[in-house]
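Structural features, examined
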There are 2 protein chains.
Amino acid sequence: MTRKEAIRYAATVLFAHKGFQETTMQDICKVTGTAEGTIFYHFKSKEGLLMAILEHAKTQILSEYEAAFTGRDFASGLEMMEEAVAHYFRLAGVMEHEFTLLQRQFPHQLAEENPECRSHLAAIYSCLTDIFERVVRAGQADGSMGAFPPRETAMILFAMVDGLLRLKTCNLYDAGALYDELIASCRRMLAKPCDGSC
Amino acid sequence: MTRKEAIRYAATVLFAHKGFQETTMQDICKVTGTAEGTIFYHFKSKEGLLMAILEHAKTQILSEYEAAFTGRDFASGLEMMEEAVAHYFRLAGVMEHEFTLLQRQFPHQLAEENPECRSHLAAIYSCLTDIFERVVRAGQADGSMGAFPPRETAMILFAMVDGLLRLKTCNLYDAGALYDELIASCRRMLAKPCDGSC
DNA sequence: AATTTGACTGAGTGCTCAGTCGGTTTTTCT
DNA sequence: AGAAAAACCGACTGAGCACTCAGTCAAATT
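Let me begin by describing the structure that accompanies this report.

Mapping chain A onto chain B calls for a rotation angle of 180° and an axial translation of 0.0 Å; the resulting RMSD is 0.1 Å. Considering both components of the superposition, the chain copies are consistent with a two-fold axis. In this assembly, 98% of the residues forming the interface of chain A have copies in chain B that are likewise at the interface, indicating an isologous arrangement.

Quick look at the structure:
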């Protein structure tokens, strides 16, 4: 790991857990054992450092999803849904700090005035939500899911999974403990309703 | 509205939308038209001001839920669920700034070291989640809902509604546009599954 | 009328922090 | 080996910040 990568990684962890404003450049120095000047040699400013983090997260998330969903086929839309949720949880574990950072408001706030930031976030979120939309469309195509509006249903799915992870971030509940129940809930929510004969 | 209330209100709006660290005492002065000393006359510190905001939010949320759910009875658990979700959305509209503030991490972070803060947040969140748990238990009692674990199901419901509101906070999607679809999804998720004859 | 009290003021204080800069070390190239 | 380039260092700077304090003013009390 190069010095630059070490700095970016340390900043990711600190920004995610302490916040952007709340983290000082000296904090990052202490963790990485570098001098302050070194950080500014590699990144043009504190905000530039955050941009590098977001860009890296974007690249990683997009390629992870690429790897997990291209060229694969699933027994049914419901199976694909299960895989999409599982993959979300898996990613949130592997890229723990990046996901925690994305759950904070400061990136979204910065996005309002910084087009580069806006573009990174948009790429990440459309990747995450598009998968759920594809899931719903696939389920409807193979008849395993009811005829619900795909985009809206996808957003609700996304809100569910993301909301659950937020419970963990805020120390309100252990998201992992709800995983099985979440999958079961999603299945009931999405499955084609029976035809009324019962 | 007294001077003190005006300061608390202005701080609520600013903390919610700019963040705690990101808001300066001078920002609050500008909005309220007071001198800096005045704020410290009414509140012992910036953190004390945040505590006052949380205490006020707690009181308001608890009494709103009290008013909405005590002494009422519902046609079925599913109806009660609908009312619980509707009430959550209604509250999030009426107390917009307080809810936005609660969606930020700084209160949860402060809660880790400040017992007063922890107690306010715990009161607010148990109020919000307990309602959903009561909903599930009521639905199971009257036979309108399946035999799902009440606490876990309540947490998933909560994550859904809260996650949806977060989409709005982060400018990702208009939560209101998903309201009808959310209710329908929750009904499918919670309704007793048919007996297999179809 | 005199005194006390509570609300309010804003210049001042000491500290923290992002970012700079002149200089040193390490690496790479010839 | 010597020169050039890249990486690194850390004391310094100037701006911004939470909080203080000595004092003003108006209403309430005696």
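Contacts to DNA strand D come from 15 residues, most closely from Thr 38, Tyr 41 and His 42 of chain A together with Glu 36 and Lys 46 of chain B. Backbone atoms, meaning sugar plus phosphate, form 74% of the atoms of DNA strand D positioned within 4 Å of the protein. Between DNA strand D and Met 25 of chain B, the relevant distance is 3.0 Å, taken from a phosphate oxygen to a main-chain nitrogen or oxygen of the residue. Contributions of two or more residues to the surface near DNA strand D are made by α3 (36-42) of chain A together with α3 (36-42) of chain B. If one sorts the elements of the surface near DNA strand D by residue count, α3 of chain A sits on top with five residues. Grouping the amino acids of the surface near DNA strand D by side-chain chemistry returns four nonpolar, seven polar and four charged.

In this section: the protein's contact with DNA strand C. Near DNA strand C, the surroundings consist of 15 residues, among which Met 25 and Lys 46 of chain A together with Thr 38, Tyr 41 and His 42 of chain B are the closest. When atoms of DNA strand C within 4 Å of the protein are sorted by moiety, sugar and phosphate together comprise 78%. Separating a phosphate oxygen of DNA strand C from a side-chain N or O atom of Thr 38 of chain B is a distance of 2.6 Å. Breaking the surface near DNA strand C down by element, the ones donating at least two residues are α3 of chain A together with α3 of chain B. If you tally residues by element for the surface near DNA strand C, the top one is α3 of chain B, at five residues. Among the residues forming the surface near DNA strand C, the class breakdown is four nonpolar, seven polar and four charged.

This next bit is on the interface of chain A and chain B. Counting residues at the interface gives 42 residues for chain A and 41 residues for chain B. Buried surface at the junction of chain A and chain B, summed over both partners, amounts to about 3,800 Å²; 62% is from carbon and sulfur atoms. Contact with chain B buries surface across chain A, with Gln 105, Arg 166 and Arg 188 of chain A losing the most and accounting together for 17% of the total. Here chain A and chain B share two salt bridges between them. Between Arg 166 of chain A and Asp 162 of chain B there is a salt bridge whose closest N-O contact spans 3.1 Å. One can count 16 residue pairs in polar contact (both at pLDDT 80 or more) joining chain A with chain B. Elements supplying a minimum of two residues to the side of chain A that touches chain B: α1 (3-18), α6 (96-103), α7 (105-111), α9 (150-169) and α10 (179-190) of chain A. For the side of chain A that touches chain B, a count of residues per class yields 19 nonpolar, twelve polar and eleven charged.

This next bit is on helix α1 (residues 3-18) of chain B. Residue and element names in this part refer to chain B. Counted at 1.5 Å a residue, the expected span for α1 with its 16 residues is 22 Å, and the 22 Å between its end C-alpha atoms agrees. All buried positions along α1 are accounted for by Ile 7, Arg 8, Ala 10, Ala 11, Thr 12, Leu 14, Phe 15 and Ala 16. Of the surrounding secondary structure, the elements contacted by the buried residues of α1 are α2 (25-32), α3, α4 (46-69), α6 (96-103) and α7 (105-111). Positive phi shows up at Gly 19, right after α1, with a value of about 105°.

Once that is clear, we can look at the environment of Ala 84 of chain A. All names here are of chain A. By the secondary structure assignment, Ala 84 is in helix α5 (residues 77-94). In the structure, Ala 84 is positioned 53 residues away from Val 31 in sequence and 35 Å away in space, judged by C-alpha atoms. When near neighbours in sequence (up to four residues on either side) are disregarded, Ala 84 contacts Tyr 65, Phe 69, Ile 131, Phe 132 and Val 135.

Residues and elements named next belong to chain A. Together, Glu 47, Glu 55, Glu 112, Glu 113 and Glu 116 make up a negatively charged patch on the protein surface. On the secondary structure map, Glu 112 appears in the loop between α7 and α8 (115-141). A relative accessible area of 55% places Glu 112 in the exposed class.

The rules we used
Residues numbered from 1 in each chain as written. Chains lettered and ligands numbered in written order. Predicted model: local features only at pLDDT ≥ 70, side-chain atom pairs only at ≥ 80, totals over all residues. Heavy atoms only, no water. Least-squares fit on C-alpha atoms with pLDDT ≥ 70 in both. Contact = heavy atoms within 4.5 Å. Near = heavy atom within 4 Å. Polar contact = N/O pair within 3.5 Å; in protein donor to acceptor, adjacent residues only side chain to side chain. Helix = DSSP H or I, 4+ residues; strand = E, 2+ residues; numbered from the N terminus. Nonpolar A, V, L, I, M, F, W, Y, C, P; charged D, E, K, R; others polar. Buried area = accessible area lost by both parts, 1.4 Å probe. Salt bridge = Lys/Arg side-chain N within 4 Å of Asp/Glu carboxyl O. Expected span 1.5 Å × (residues − 1). Buried < 20%, exposed > 50% of the residue type's maximum accessible area, 1.4 Å probe, protein only. Patch = residues over 30% accessible without salt bridge, like charges linked within 9 Å, V, L, I, M, F, W, Y side chains within 5 Å. Areas by Shrake-Rupley, 256 points an atom, 1.4 Å probe, with all protein chains shown as cover. Lys, Arg positive; Asp, Glu negative; His and termini not counted. Charge placed at Lys NZ, Arg CZ, Asp CG, Glu CD.

Read these as geometric descriptors, not functional statements.
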